[in-house]
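# What the coordinates show
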Amino acid sequence: MLDCLSPENEHRCRQCLGPNVKLYELQKGRKEGNQKWASILVCLCSLHGEPVFLFTLRSSTLKGRHKGDVSFAGGKSDPSDRDVVATALREAREELGVNVGTEKVWGVLKPLRDVSGMVIAPVLAHLGPLEELNFKPNPGEVDEIFTLSLSHLCNPQNRGYTHFRTGDKYGYTLPVFRNGKHRVWGLTAVALDHTLKLIVPP
C-alpha cells in the first residue's frame, strides 16, 4: 500500500491522468450555455506513513439534499476560476482552510455527472503528511474532517454496492464504503472508487 505514495507511482498516475485534460478544454465554452460544472478535491495524505484519504462531513445546517453527507471538499465553479483545478483548490481553501499548491495536484479524473446534470471534475492531489497540515474548517460548511486508510478502503469486507431502481426497472449500481467512522456513498464513493483503481499499482 505504501507504494502508492512513491515517486514512481505518482509519475505513473500523472501520466495516466494527463489525457483527461482534453475532456475539460471545452469547459469554458460549455459554461456559457446551460452546462453546470463543479470540482471536488480528492485528498490523498499520509498518516504515520500510511496512505489515507481525507473526507469532510458536510454541515447538517446546509440547505439542500447533501447536508450531513460525507464528501470531498468541493463545489461549483466560479467565473474567476481559471480551470477545474482552480475550482477544487479554492473550495478546499474555503472549506478546510488549507492552501494546496498546484504542484501537489496529480491530475484530473474523468468527469462524473450527478442527478441534476451537474458535471463534476474529481481533482486528485497528494497533500503530504497529515501531521504537517493545519486545518481551519469552515463551520458553516463542514461539521467534521476525518480520514480513512487506503488499507481499510481496499479491504473487500468494507465495501459493497447499492442498487438503485428507475421506476420498476433496475437503474444503476454505485459502490459504498462501510465500517469506517462514516459511510461513504453516492458520487463521493464513485470518485473514490475510480481513484483507488488508479493509484493502487497494478
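Just so it is clear, the model here is predicted, and its values are computed rather than measured.

Within this structure, the stated rule accounts for three aromatic pairs. An angle of 25° between the planes, with centres 5.0 Å apart, marks the rings of Phe 55 and Phe 72 as stacked. With Phe 55 in strand E2 (residues 50–58) and Phe 72 in the loop between strand E3 (70–71) and strand E4 (73–76), the pair connects residues that are 17 residues apart, well separated along the chain. No difference in accessibility class separates Phe 55 from Phe 72, as the two residues are buried.

Take the state of the cysteines next. As enumerated under the stated definition, the model contains zero disulfides in all. Summary of cysteine pairing: Cys 4 is not part of a disulfide, and the nearest cysteine sulfur, belonging to Cys 13, is at 7.9 Å. Overall, Cys 4 belongs to the buried group, its relative accessible area being 1%. With no disulfide of its own, Cys 154 lies 8.3 Å from the sulfur of Cys 4, the closest cysteine sulfur.

For the rest of this paragraph, the subject is the pattern of salt bridges. If you walk through the whole model with that rule in mind, you get eight salt bridges. Two residues, Asp 81 and Arg 90, come together in a salt bridge whose shortest N-O distance is 2.9 Å. The same class applies to Asp 81 as to Arg 90, namely buried. Between Glu 91 and Arg 90 there is a salt bridge; the shortest N-O distance is 3.2 Å. The burial state of Glu 91 is the same as that of Arg 90; both residues are buried. Among the charged side chains, a salt-bridge network with shared partners connects Asp 81, Arg 90, Glu 91 and Glu 94.

About the thresholds
- Residues numbered from 1 in each chain as written.
- Predicted model: local features only at pLDDT ≥ 70, side-chain atom pairs only at ≥ 80, totals over all residues.
- Heavy atoms only, no water.
- Phe/Tyr/Trp six-rings, centres within 6.5 Å; stacked < 30°, edge-to-face > 60°.
- Helix = DSSP H or I, 4+ residues; strand = E, 2+ residues; numbered from the N terminus.
- Buried < 20%, exposed > 50% of the residue type's maximum accessible area, 1.4 Å probe, protein only.
- Disulfide = S-S within 2.5 Å.
- Salt bridge = Lys/Arg side-chain N within 4 Å of Asp/Glu carboxyl O.

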